[in-house]
Each structure stands twice: as C-alpha cells, then as structure tokens.
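# Commentary on secondary and tertiary structure
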Amino acid sequence: MDRTQSHSMEARLEAMKELAKLSADVTFATEFINMDGIAVLTRLMESGTKLLSHYSEMLAFTLTAFLELMDHGIISWDMVPLTFIRQIAGYVSQPTVDVSILQRSLAILESVVLNSQSLYQKIAEEITVGQLISHLQVSNQEIQTYAIALINALFLKAPEDKRQQQEKLLHPLDLPCTEMANIFAQKHLRSIILAHVIRGNRPIKTEMAHQLYVLQVLTFNLLEERMMTKMDPSDQAQRDIIFELRRIAFDAESEGSSIAGGGTEKRKAMYTKDYKMLGFTNHVNPALDFTQTPPGMLALDNMLYLAKCHRDTYVRIVLENSSREDKHECPFGRSAIELTKMLCEILQVGELPNEGRDDYHPMFFTHDRAFEELFAICIQLLNKTWKEMRATAEDFNKVMQVVREQITRALPSKPSSLDQFKSKLRGLSYSEILRLRQSERMSQDDFQSPPIMELREKIQPEIVELIKQQRLNRLCEGSSFRKIGNRRRQERFWHCRLALNHKMLHYGDLEDNAQGEVTLESLQEKIPVADIKAVVTGKDCPHMKEKGALKQNKYCVWIDGLNALLGKDMASDLTKSDLDTLLSMEVKLRLLDLENIQIPEVPPPVPKEPSSYDFVYHYG
C-alpha cells in the first residue's frame, strides 16, 4: 500500500507489478480492500499524468490489479466512482491507446455492465456500438474478443426500453435520427464481424467462438417479442398484412375486377376461397391462425418477408399447390406457421446463452435478416420434401419431422453461407433421409442383439481401464488453467501436474499460459492425493455458484482423472463418448471374421456327449 503511493516512479511501478499478481489471492485482496485499496487505486489513476515515466506500463498494471480485486466480489461495482468509469471509457474511445490498457479497459467496462444496472446507462452514454466497431477492425484477436464481449454485455443487460429499440432493427419505423444511426451501426456490426473476424486469416479461438455464439443468441432473441405476440383479429393494420399476402399471390388487378361488381357476400366467398388456396387453417378468418404463441406474429412476418423479398418463390409455392386437385397440395399458411415454430425451437429463440457453448454459425452473420432468409430456404425445402413424400394433409406431421431432421443434419456442418446451407439441404433429400435412417437403425439393431450386448459387457472393463490410464497420463503431463473469476478472459494462469507415482498433485502460478513443459520443481505447492476427500462440480462447487459446469475436453479429462485417483466412477460426457466409440470399434474388429454371417439371437444348443471317446487319432 505504501509503495503504490511512492514518489519514486520506479518503486511505484514495481509495487504495481507485484500488486497485480497478488490481487488474484482472495485473502490478500480482502486485506488490501479493507485498507481502502480500491479508492487508492482509482485516485492514483485519476491523478496520473501522461508526462510521468512508465505511464502506460504503470497504468496497465494498475488496471490489472483493480480488475483482479473487484473480481472477488468483495465490494459492489456500484461503489466505483462515476469519474473513474468515464476515465476508463475515455481509454476505449481513444484511437491510439496502448493495447494492454485498451484490453483491460474493455474488460472493466464489461464487468461493470454485467454487475451494475445503475451504471449501465452511464456507460451506454459514454460508449456506443459505433466506437466499439473500430476495435473489431484490428489484427489483435484478443482486442476483438474483448470488444464483442462488451457489445454482448450491453445487449444482454439492456433495460426494456433499450431492447425495444434493438427490436426495431427487425421492424424499423419512423425513428429519430439518433436511433436510426444506432440501428445502422448495429447492422454495420454484422458485416464488420464477418469481414474482420469470421473471414479473417486467423483461426478463431475458443473464447472468440463463444462470444460469437452469444451474439448470435442475443440477435435471435430480438425475435422473442414477435414470437410471443398473438395477432389481434380486430387490428386492421395486422389484417392488412394478410390482405397483402393474398394480393401478391393472386394478382391484385385481376382480383379487383373479378369482384368489383359483386356484393359483400360474393366478396366474402371470394376471400374465403383465396384463403383456402393460401393454405390457412381458418378460411373465414385467417387471423385466428396467428393466435398461438409461439410462433405468434413472427410467422406472419416471415410470410410477408417471403412474399416481398422472394416474390417469385412465394407465388410459385402458393399457385403450385392451390391448383392441385389430387389432395396432395401442401398448405402454405399452415406450413409457414409450423416451420417458423420449428426454427424457433431449433435455434432456441428466447433462451439465454449457455456459458459453455461456442457453436456459432457463420452463415447467420452473412445477412441482416438471417432468420427470414433461413425461413425462405426452409419453406422451399418443405415444399420439395412434401412432393417427394407424395404427402396429403394426413401426413403433415410426418413431413415436418423429416424437414426438422433435414435441417438439424445440415446445421452441424456449419456452412459458411446461406447458399452453402441450401446446397447441403439439396443433398439431404427424402430418399437420403430414409437411407440414413435405415443405416443407423441397422447399425443400432445389430449392436442391440443379446450376443453383441454380452460381448460388449465382457470387453467393457478393459476399455474402461484403458480410458482410466489415458486420463491419468494426461494428469501426469499437466495442464494450465485460467484463474477463476467473474470474467471468462483473464491473463493469469496456474498449472497443475500429477506426480508419476500418483501420490501428489503439484501446482503453482504461471506468469503466462506457457506452452512448453512445466517441471515439477517449478511448482511450489502440492496436495497429497490421500488428503482429497471428494471432487465437487457445478453448483455444488463453492467457487462456481450459479454457474453450470463447463463440458470442455480439459475439464472432463481432469474430473475423470481425479475421480479415478479416488477410486470413483468416471462419469463425464467425454468418458461416455470415448467408451461408446472404443467399444463399438473393438466389437467391430472382433466381428470381422463373421462378416455376412447371421448372428443368432440365442446361442446354439450344446450337443450331447458322445457315447464313446475312442476317436483320438494315433500316429503309426
């Protein structure tokens, strides 16, 4: 505490370096904060001057120490002075700020946004999406990741009125110029991320992939309000959308002349006929088709988007099915509503991001209206699959099941564009889905027969032992881990290795995430395996309250290895996957000699003993 306030800049710098490292320890942090350490650090930063020697380096270490101290949750972020927040926001706004200062400043602002609703508005006033976009166009992926994380935090913690502004991204009305500029900046954000992050020349790291996944989820969650809004049959503006769908499909001019001379009853009859041809369930009042939530008004939005932006496709689908008289017509209205509901389920619209996932889809960053474009592709797929199945109204649910399977089989390949996704779907025709189902069913049936199940049970213990040895070997190799904190991105690491005799766990802090081998001698701390009583994970772990366990490879390996040391079952998802894969491979290898031979469900009967054993052959 004394040295951080020294008149000697060299002494103060060394103190800040030491403080940045020590602040990761919760006991030290508690004592330092009790000595009013946070106020001292903020005062030092506010009174600092760029004329001082080592200014950037000292500021970087001071920001690191501040962030480490606050991450323990000992005091509330609400206690941070507003002047300090403005100063940090100023560093983010500067075009030529030092990279280390920018990185820590972005991390501090993210933590404030996530942990202080009262300071949200202040930061939103100081930092705009447009300012953060500039940090996405740099070559440093760490800075890009921190910038997207802050953008995600601003979206995630936005008050209700701010979210309504964001939702206008999907339905822009007559907005003030400032709101329009903000919306434009957010739309511009997608193209910047696509060009400078997703299609950059560098491989995307795990943390960046997670932040892209979070942004994808938050973007789709803007659809939730429309998805959960029922149509009001008495709302003329909403009814006009249905009239517009009818007009585009059946040509307004010929339609107008055909009913111009008729009365109200004739007009109603004409409308009812047209609504039936459009495939609505309720022919008299199709507005009632949109009262189920989900998908609510989102389905009508999708239909209107298709009719206006893909007019030829829309007209072709409607007219192609409305003219059929063989009961094989695909009802467009009902299909569009159910398809919208299905897409919402597949993309988990309305659910919060999962802390352990990083499965973003590049194609959703290629278009401002990605969900509507996805709908346009999938409604054509549905129509094509309907014809391939020669379906009737009774087969509607079967067709939807096949379409869901086609979509969920195509998505894991992560197409880089919507056109690639469309191409992938073309390869998943109804006949191909049947072939895949048959192949998987045969494979499953073969492995469910009693003889195979008995063979698997006999092989399983040696496979489990093999996995156990692999896990223990990985523990002996050692791993580096990030320090636990409220933020996912931290620069402090610690390393842990199991001794070769499996009796001691050696661990210690690292200056950085060292890629080379870390020797046991360099790890100063150790824990006897005999002293470990149990391994607790997820919400049972006091360090991870309210957080789900991360199901990543390194996590699973260590949890399995520690449980193996304690003589307990290895129950991770990775072990289940490895066990299933290795068992299947071993069974197939042992059955190679029986290829094309039918394996009986029950073993053949044991023959009776011979009446005499005088059949041994004797040599001359």
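About the cut-offs
Residues numbered from 1 in each chain as written. Predicted model: local features only at pLDDT ≥ 70, side-chain atom pairs only at ≥ 80, totals over all residues. Heavy atoms only, no water. Helix = DSSP H or I, 4+ residues; strand = E, 2+ residues; numbered from the N terminus. Buried < 20%, exposed > 50% of the residue type's maximum accessible area, 1.4 Å probe, protein only. Contact = heavy atoms within 4.5 Å. Areas by Shrake-Rupley, 256 points an atom, 1.4 Å probe, with all protein chains shown as cover. Patch = residues over 30% accessible without salt bridge, like charges linked within 9 Å, V, L, I, M, F, W, Y side chains within 5 Å. Salt bridge = Lys/Arg side-chain N within 4 Å of Asp/Glu carboxyl O. Lys, Arg positive; Asp, Glu negative; His and termini not counted. Charge placed at Lys NZ, Arg CZ, Asp CG, Glu CD. Phe/Tyr/Trp six-rings, centres within 6.5 Å; stacked < 30°, edge-to-face > 60°. Lys NZ or Arg CZ within 6 Å of the ring centre and 35° of its normal. Pairing = 2+ DSSP bridges. Expected span 1.5 Å × (residues − 1). Polar contact = N/O pair within 3.5 Å; in protein donor to acceptor, adjacent residues only side chain to side chain. Core = buried A, V, L, I, M, F, W, Y, C linked by side-chain atoms within 4.5 Å. Axes fitted to C-alpha atoms, helices over the stretch in contact; angles between N-to-C directions. Parallel < 35°, antiparallel > 145°, perpendicular 65-115°, else oblique. Nonpolar A, V, L, I, M, F, W, Y, C, P; charged D, E, K, R; others polar.

### Some words on the overall build of the chain
- Scanning the chain from N- to C-terminus turns up 26 helices and four strands.
- Out of the 620 residues in the chain, the part that is buried amounts to 44%.
- Restricting to contacts in the chain with at least 6 residues of sequence separation, those with at least 24 account for 70%.
- Accessible area for the chain stands at about 33,200 Å²; split by element, carbon and sulfur atoms hold 52% of it.

### Some words on the side chain of T42
- Structurally, the position occupied by T42 is in helix α3 (residues 37–47).
- What T42 contacts, discounting residues up to four positions off in sequence, is F66, P81 and F84.

### Section: a positive patch on the surface
- On the surface, a cluster of positive charge is made up of R202, K205, R482 and K554.
- Mapping R202 onto the fold places it in the loop between α11 (177–198) and α12 (206–221).
- R202 gets classed as partly exposed once you look at its relative accessible area, which sits at 30%.

### Digging into the packing of aromatic side chains
- Using the criterion set out here, one finds 15 aromatic pairs in the structure.
- The interplanar angle of 80 degrees and the centroid separation of 5.5 Å between the aromatic rings of F481 and W558 together place this pair among those described as edge-to-face. Taken together, the residues F481 in strand β1 (residues 479–482) and W558 in helix α25 (residues 553–565) connect sequence positions 77 residues apart. W558 carries the same exposure label as F481, and that label is buried.
- Chaining the aromatic ring pairs together yields one cluster made of F243, Y271, Y275, F280 and F290.
- When the ring centre of F396 is taken as reference, the NZ or CZ atom of R334 above it lies at 3.8 Å.

### Examining the pairing of strand β3 (residues 504–510)
- Here strand β2 (residues 493–498) pairs with β3 via six bridges, running antiparallel. If you follow F493 over to β3, its bridge partner there is L510.
- With four bridges joining them, β3 and strand β4 (residues 525–528) adopt antiparallel strand pairing. When the bridges of β4 are listed, M504 appears paired with P528.

### Brief notes about the environment of P603
- Take P603: it is sitting in the segment after α26 (573–590).
- Residues P603 and P451 lie 152 residues apart in sequence; the distance between their C-alpha atoms is 7.8 Å.

### A word on helix α14 (residues 236–250)
- Here α14 spans 21 Å end to end across 15 residues, near enough to the 21 Å set by a 1.5 Å rise per residue.
- Looking only at α14, the buried set comprises Q238, I241, I242, L245, R246, I248, A249 and F250.
- Where α14 begins, the side chain of D235 points an oxygen toward the backbone nitrogen of A237, at a separation of 2.9 Å.
- Where α14 terminates, the next one or two residues include D251, which has phi positive at roughly 70 degrees.

### Topic: the nonpolar core
- Core analysis: the biggest nonpolar cluster contains 74 residues, and L41, F66, I193 and L212 have the highest contact counts within it.
- In terms of residue count, helix α4 (residues 55–71) provides more of this core than any other element does, ten residues in total.
- In this view, F66 contacts I38, L41, T42, M45, W77, V80, F84 and I108; residues no more than four positions away in its chain are not counted.
- If you look at the next biggest cluster of nonpolar residues, it comprises 66 residues, including F220, I248, A410 and I433.

### Topic: the sheet that holds β1
- Taken in spatial order, the four strands line up as β1-β2-β3-β4 in an open sheet, and their pairing is antiparallel. Of all strands in the sheet, those with a lone pairing partner are β1 and β4, marking the two edges. Each adjacent strand pair in this sheet contributes to an overall mean axis angle of 25 degrees, direction not counted.
- Examined bridge by bridge, β1 and β2 share four bridges and lie antiparallel to one another. Its bridge partner lying in β2, F481 is registered against W494.
- Across the sheet, α25 is in contact with β1, β2 and β3; its angle to β1 comes to roughly 115 degrees.

### A few points about the packing of helix α6 (residues 99–115) against helix α7 (residues 117–126)
- Where α6 contacts α7, the two axes come as close as 6 Å, and the packing angle between them is 135 degrees. Relative to α7, the element α6 is oriented oblique. Along its contact with α6, which presents L109, V112, V113 and N115, the element α7 presents Q117, L119, Y120 and I123.
- Here the residues of the contact of α6 with α7 are counted per class, giving six nonpolar, two polar and no charged.

### Focus: the environment of E351
- Residue position: E351 is located in the loop between α19 (332–346) and α20 (370–388).
- Overall, the relative accessible area of 43% leaves E351 in the partly exposed class.
- Taking C-alpha positions, E351 is 7.8 Å from V217, a pair spaced 134 residues apart along the chain.
- In contact with E351, other than residues within four places in its own chain, are V217 and N221.

### Notes on the packing of α14 against helix α18 (residues 311–322)
- Close contact between α14 and α18 brings their axes to 9 Å; oriented N to C, the two are set at 80 degrees. Taken as axis vectors, α14 and α18 run roughly perpendicular relative to one another. Counting all contacts with α14, which are made through L245, R246, R247, I248, A249 and F250, the residues of α18 involved are R311, Y314, V315, V318, L319 and S322.
- Taken together, the residues that form the contact of α14 with α18 break down as eight nonpolar, one polar and three charged.

### Some points on the pattern of salt bridges
- Applying the stated criterion across every chain yields a total of 21 salt bridges.
- Within the structure, one salt-bridge network assembled from shared partners comprises E14, K17 and E57.

### Thoughts on unusual backbone geometry
- Cis geometry is adopted by the peptide bond preceding P294, which originates at T293 and carries an omega value of -15 degrees.
- Positionally, P294 belongs in the loop between α16 (264–277) and α17 (297–309).
- In the Ramachandran plot, D36 falls in the positive-phi region, its phi being about 65 degrees despite a non-glycine side chain.
- Note on placement: D36 falls in the loop between α2 (26–34) and α3.
- Notably, Q348 is not glycine yet its phi reads approximately 55 degrees, a positive angle.

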